[in-house]
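Each chain, letter by letter, is given below.
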Amino acid sequence: MFLPKNPDSPTPPPAHTHTPTEPIPARRSLTSVSIDQKAVIALVVGGVVLTALLAAVAVTAISVAVATVVLRSMLRDHRR
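What you see is a predicted model; the values in this text were computed from it and never measured.

1. A word on the overall build of the protein chain
Regarding its fold elements, the protein chain presents one helix and zero strands. Within the span of the protein chain, comprising 80 residues, buried residues form 0% of the whole. Accessible area for the protein chain stands at about 8,800 Å²; split by element, carbon and sulfur atoms hold 67% of it.

This is how it looks when you write it as structure tokens:
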């Protein structure tokens, strides 16, 4: 039978030890972004325009719904 030979030291020392050559750089903060007054005005105007368009679509939808109900009512009365 073959029996394994036990070495004198259980784990041999590593042949190469890794040493970092450069330290890990510190995390840099984000660069500051300057906000221009014109950009803020454009954003506000765009928001107002989009809100006005949304309100116009809502008013149109409500008007169409009311007109549909009125026309159905008039046609129902006309058929009788």
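Read on for the rest.
2. Looking at a nonpolar patch on the surface
A surface patch of nonpolar side chains, about 470 Å² in accessible area, is lined by Ile41, Val45, Val49, Leu50 and Leu53. Mapped onto the secondary structure, valine 49 falls in helix α1 (residues 37–79). Note on valine 49: relative accessible area 43%, which makes it partly exposed.

Calculation rules
Residues numbered from 1 in each chain as written. Predicted model: local features only at pLDDT ≥ 70, side-chain atom pairs only at ≥ 80, totals over all residues. Heavy atoms only, no water. Helix = DSSP H or I, 4+ residues; strand = E, 2+ residues; numbered from the N terminus. Buried < 20%, exposed > 50% of the residue type's maximum accessible area, 1.4 Å probe, protein only. Areas by Shrake-Rupley, 256 points an atom, 1.4 Å probe, with all protein chains shown as cover. Patch = residues over 30% accessible without salt bridge, like charges linked within 9 Å, V, L, I, M, F, W, Y side chains within 5 Å. Salt bridge = Lys/Arg side-chain N within 4 Å of Asp/Glu carboxyl O.

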